[in-house]
Amino acid sequence: MGFFDKRKEEDEDLKRRNPENLPTKFQVIIRMVVGVYLCYLVFKMIKDGAIQNTSGAEKILMIAAVVLFSVAGVFFFIRGFKAYRSRQFFDPKTDDFSEEGQAKAEAEKEEEAAREKAETEANGGVKPGSMAAFARLSDATRVSDEEQEEAYERAKEANEEEEKEREQK
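Residue positions are counted from 1 within each chain, in the order its sequence is given. Local features in a predicted model are, by the rule used here, given only for residues with pLDDT of at least 70; side-chain atom pairs are given and counted only at 80 or more, and totals for whole chains, interfaces and linings are based on all residues. Just so you know, side-chain values use all the structure's heavy atoms and leave hydrogens and water out.

Okay, the packing of aromatic side chains next. Pairing of aromatic rings covers Phe, Tyr and Trp, the last through its six-membered ring, and needs centres within 6.5 Å; plane angles under 30 degrees mean stacked, over 60 mean edge-to-face, and all others mean tilted. Taken as a whole and judged by the stated rule, the model has five aromatic pairs. The interplanar angle of 35° and the centroid separation of 6.2 Å between the aromatic rings of Tyr 37 and Tyr 40 together place this pair among those described as tilted. In this pair, Tyr 37 and Tyr 40 both sit in helix H2 (residues 25-47), three residues apart, roughly one turn of the helix. Here the term buried applies to any residue with accessible area under 20% of the maximum for its type, exposed to any over 50%, and partly exposed to those in between, with areas from a 1.4 Å probe on protein chains only. By relative accessible area, Tyr 37 is classed as partly exposed at 47%. Exposure remark for Tyr 40: the relative accessible area of 42% places this residue in the partly exposed category. On the basis of an interplanar angle of 15° and a centroid distance of 6.0 Å, the ring pair of Phe 77 and Phe 81 is categorised as stacked. Here Phe 77 and its partner Phe 81 are both found in helix H3 (residues 57-85), four residues apart, which amounts to about one turn of the helix. Put simply, DSSP marks the helices as runs of H or I at least four residues long and the strands as runs of E at least two long, and each gets a number from the N terminus on.

Okay, structure coming up:
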């Protein structure tokens, strides 16, 4: 298998796993960086006096560049930021948007839901880790004064018996 055959197979696998052709996380970040860089260029052009130091056709070209870079920079940054924030990117190491991958992910979700349902039923209808489970646990740890007194008396008697046995030896 040659280089081109291997590359073609990798491309086909990527198209199968990412049918929506989403950008990767790196590409989304690069979009934001490009947007910031274009805005920086506009700032430098204005600060260095590129518009004031030119005249005629050059001035029109500089104004057009400032407008174009400003619009493109803001566009790229906002588009990249929205995609990054909403996680609309493809991770080639983990994501699998193919039909088989989606079916597998759905089966895992159903399995997790069934396991959680079984845990809830086993816990008396209370979801583990919830505040209701905590309240139930704290109620179970409460000991009445009579039970504490009885436990104290039993422990006291057990200690006295151990002392008598030690004295007899």
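A separate point is unusual backbone geometry. With a phi angle near 55°, Arg 87 is a residue other than glycine that sits in the positive phi range. For Arg 87, the location among the structural elements is in the loop between H3 and helix H4 (99-122). Accessibility expressed as a relative area gives 59% for Arg 87, which makes it exposed.

Another point: the packing of H2 against H3. Contact geometry for H2 and H3: axes closest at 7 Å, N-to-C directions at 150°. The angle between the axes of H2 and H3 places the two elements in the roughly antiparallel class. The two elements H2 and H3 cross, and the hand of that crossing is left-handed. Classes in brief: Ala, Val, Leu, Ile, Met, Phe, Trp, Tyr, Cys and Pro nonpolar; Asp, Glu, Lys and Arg charged; the others, Gly included, polar. In the contact of H2 with H3, the residues fall into 22 nonpolar, four polar and three charged. Orientation is described by lines fitted to C-alpha atoms, with helices fitted over the stretch in contact, and by angles between N-to-C directions that extend from 0 to 180 degrees. Any angle between 65 and 115 degrees counts as roughly perpendicular, while under 35 counts as roughly parallel, over 145 as roughly antiparallel, and the rest as oblique. By convention, the crossing between two helices is left-handed when the near helix turns anticlockwise from the far helix through less than a right angle, and right-handed when the turn is clockwise.

Looking now at the confidence of the model for the protein chain. Chain-level statistics for the protein chain give a pLDDT mean of 82 and a share of 84% at 70 or above. By definition, pLDDT measures how confident the predictor is in each residue, and it falls between 0 and 100. Ranking the helices and strands of the protein chain by mean pLDDT puts H2 first, with 94, and helix H5 (residues 131-141) last, with 64.

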